[in-house]
Amino acid sequence: MTAERSVLPSRFSGLSIKLIATIIAVILLVEIVVYLPTLANFRASWLDDRLRVGVVAARVLDAVPDVMALPRNLTDRLLTSAGAHAIVYRREGQSQLIELANPVTPDVVVTADMRQRDLMTLIVGAMDTLFAGPGRTLRIVGEGDLDESLVELLMPERPLRQDMLAYSRQIGIVSLAIAAITAVALYLLASYLFIYPVRRLTQNILAFRQAPENASLVIVPSARRDEIGIVERELAAMESDLFSMLRQRRHLADLGLAVAKINHDLRNTLTSAQLLSDQVATLDDPKVQRLAPRLVTTLDKAIGFAQSVLDYGRETSALPVLAPVPMRALIEDAAFEARLVGHPAIVFSDQVPETLVLNVDAAQMGRVFLNLLKNAREALESTPAIVAPQVSVTVVEEEESVTLSVTDNGPGLPPRARDNLFVAFQGSARAGGTGLGLAIAREITEAHGGRLVLADQPTGTRFDLIVPASLRIRT
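Given the structure is predicted, the values throughout are model-derived calculations rather than measurements.

### Some details on the overall build of the chain
Phase 1: Per the secondary structure count, the chain includes ten helices and 13 strands.
Phase 2: Evaluated residue by residue, the chain yields a buried proportion of 36% over its 475 residues.
Phase 3: For the chain, contacts bridging at least 24 residues in sequence account for 68% of all contacts bridging at least 6.
Phase 4: Surface summary for the chain: the accessible area is close to 28500 Å², and the carbon and sulfur share equals 60%.

Pasting the structure below:
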């Protein structure tokens with residue numbers, strides 16, 4: 001099942017529109033944060049202007065003797081200039097009032113005390129005025145120009161609210177204009193530096209995925225030295241490596257198919273030759289009896305080589321099916337299949353405790369130990385001069401890993417085998433071998449999250465199979 005192919009979004013439905021929307025939203029948020037103190041200061045200035053008119057009225061009242069009354073036309077001008085219904089001047093415990101000829105009785109009165117000028121109080125007052133209902137009367141209280149004097153104004157709140165709404169509209173228009181201009185400028189800059197390069201990378205990835213065998217689709221990196229330039233160069237290198245790998249694997253697949261067909265036919269031919277050699281071996285001719293064992297051995301090796309190549313070609317990448325496996329019993333079974341159990345000359349020692357249980361794939365891990373034990377047996381059998389040949393399996397349990405070691409006291413591995421130890425068809429330690437056993441064993445071990453390594457020791461050979469301690473099951 002192939003993964004669904006992605007489609008590159010349009011220019012204004014991907015990062016572009018998200019970038020513009022984010023810039024505008026951030027700018028408007030900043031404008032709102034700035035707007036609240038600005039609106040509060042506007043309201044405070046507006047109220048201070050009305051208080052100044054009240055202070056002027058207070059001076060007029062001070063200038064007029066107590067026995068005289070202010071002319072009506074003068075009081076009306078004072079009240080009209082302040083937009084107030086009444087002005088009260090308080091000093092030294094005395095109050096003086098200037099009011100309209102027809103006094104207005106307010107229904108709802110709210111107080112704006114301009115002696116409290118902290119920012120939070122001003123902002124709360126501004127919001128209260130901005131969202132207030134109609135018909136309220138505002139009582140403005142402030143200090144006069146003389147010591148311990150107060151001036152109070154009673155006026156409708158509606159003019160203040162209208163001026164605040166007009167000011168808010170102006171701030172809103174300016175904010176939107178600033179947001180739009182800034183967003184466009186930042187978008188053009190970000191498009192040049194980020195969005196266009198990212199879209200180019202995305203388009204190339206989508207195109208290369210559809211036709212990875214097309215070398216013309218390998219991206220040509222720019223001369224940028226920043227992170228995007230690094231991504232371009234790394235993507236170009238990865239696509240080049242992938243193109244070469246795919247071409248090489250296609251050639252290997254074609255070659256492997258041909259080899260498999262040839263190998264299959266060759267194996268059938270060798271099998272027929274083996275049957276004939278078995279019949280020839282039964283003849284009483286001394287020459288035949290002397291040559292027949294060599295012929296049978298040669299045919300066995302040829303058939304074994306053909307079979308191992310076919311098995312490696314059929315090897316699948318199936319995931320390990322993990323289950324609790326007693327390792328001592330698994331190793332005993334592998335030793336039996338490797339013909340070590342009951343061997344007339346080689347002593348086999350399984351020193352793995354019965355309590356060691358690992359969460360592994362029994363079939364795959366058994367194949368690993370079968371290859372290792374079989375290699376050890378063949379190495380000892382090929383060197384008759386070894387005194388007391390033996391193969392042992394030991395275990396070392398640590399906090400982070402479990403190490404299972406397969407050791408023999410044979411001649412060790414030649415340098416040629418060490419150099420390509422886990423490379424298929426190149427790492428064989430004996431003449432006529434394919435080198436597939438260790439390659440398969442390493443793949444299985446790595447699929448379990450472990451490592452298969454050749455230990456460095458002066459005599460003999462030791463392979464360490466190291467698996468993470470997370471596979472260990474406590475009993």
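From this point on, the discussion continues.
### Some thoughts on the packing of aromatic side chains
Phase 1: The final tally for this structure, using the stated rule, is one aromatic pair.
Phase 2: Considering the side-chain rings of F42 and Y167, the 4.5 Å spacing of their centres and the 10° angle between planes classify their relative orientation as stacked. Of this pair, F42 sits in helix 1 (residues 15-63) while Y167 sits in helix 4 (residues 158-210), placing them 125 residues apart in sequence.
Phase 3: For R50, the ring lying beneath its charged end belongs to W46, and the centroid distance is 3.8 Å.

### Quick look at the packing of helix 7 (residues 327-337) against helix 8 (residues 362-381)
Phase 1: Two elements in contact, helix 7 and helix 8, have axes separated by 8 Å at closest approach and are oriented at 50°. Relative to helix 8, the element helix 7 is oriented oblique. The two elements helix 7 and helix 8 cross, and the hand of that crossing is right-handed. Residues M327, L330, I331, A334, A335 and E337 of helix 7 pack against A362, M365, G366, F369, L370 and L373 of helix 8.
Phase 2: For the contact of helix 7 with helix 8, the residue count by class is ten nonpolar, one polar and one charged.

### Comments concerning the sheet that holds strand 9 (residues 390-397)
Phase 1: Reading across the sheet, the five strands line up as 7-9-10-12-11 and stay open at both edges, with mixed pairing between neighbours. Whereas interior strands pair on both sides, the edge strands pair on one side only; in this sheet they are strand 7 (347-350) and strand 11 (451-454). Going from strand to strand, the sheet's axes swing by 15° on average, the running direction of each strand aside.
Phase 2: Summarising the sheet, strand 7 and strand 9 pair through four bridges and their orientation is parallel. If you follow F348 over to strand 9, its bridge partner there is V391.
Phase 3: Running over the sheet, helix 10 (residues 436-447) touches strand 11 and strand 12 (461-468) and is turned about 140° from strand 11.

### Focus on the pattern of salt bridges
Two side chains carrying opposite charge are able to pair once their charged atoms lie near each other.
Phase 1: Summed over all chains, the structure comprises twelve salt bridges.
Phase 2: A salt bridge links R377 to E381; the nearest nitrogen and oxygen atoms lie 2.8 Å apart. You can see R377 and its partner E381 sitting in helix 8, four residues apart, about one turn around the helix.
Phase 3: The class of R377 is buried, set by a relative accessible area of 3%.
Phase 4: On the basis of relative accessible area, E381 is assigned to the partly exposed category, the value being 39%.
Phase 5: Between E397 and R472 there is a salt bridge, and its shortest N-O distance comes to 3.1 Å. Separated by 75 residues along the polypeptide, E397 in strand 9 and R472 in strand 13 (residues 472-473) bring together distant segments of the chain.

### A word on the nonpolar core
Phase 1: Of all hydrophobic cores here, the largest spans 38 residues; its most connected members are M327, F369, L373 and V391.
Phase 2: Only helix 7, strand 8 (357-360), helix 8, strand 9, strand 10 (401-408), helix 10 and strand 12 provide two or more residues apiece to this core.
Phase 3: A total of seven residues in this core trace back to one element, the largest contributor, which is helix 8.
Phase 4: Excluding residues that lie within four positions of it along the chain, L373 makes contacts with I331, A334, A335, A338, L340, F348, V391, V393 and V406.
Phase 5: Counting residues in hydrophobic clusters, the runner-up holds 27 residues, among them A126, L138, V151 and L153.

Analysis parameters
- Residues numbered from 1 in each chain as written.
- Predicted model: local features only at pLDDT ≥ 70, side-chain atom pairs only at ≥ 80, totals over all residues.
- Heavy atoms only, no water.
- Helix = DSSP H or I, 4+ residues; strand = E, 2+ residues; numbered from the N terminus.
- Buried < 20%, exposed > 50% of the residue type's maximum accessible area, 1.4 Å probe, protein only.
- Contact = heavy atoms within 4.5 Å.
- Areas by Shrake-Rupley, 256 points an atom, 1.4 Å probe, with all protein chains shown as cover.
- Phe/Tyr/Trp six-rings, centres within 6.5 Å; stacked < 30°, edge-to-face > 60°.
- Lys NZ or Arg CZ within 6 Å of the ring centre and 35° of its normal.
- Axes fitted to C-alpha atoms, helices over the stretch in contact; angles between N-to-C directions.
- Parallel < 35°, antiparallel > 145°, perpendicular 65-115°, else oblique.
- Left-handed = near helix turned anticlockwise from the far one by under 90°.
- Nonpolar A, V, L, I, M, F, W, Y, C, P; charged D, E, K, R; others polar.
- Pairing = 2+ DSSP bridges.
- Salt bridge = Lys/Arg side-chain N within 4 Å of Asp/Glu carboxyl O.
- Core = buried A, V, L, I, M, F, W, Y, C linked by side-chain atoms within 4.5 Å.

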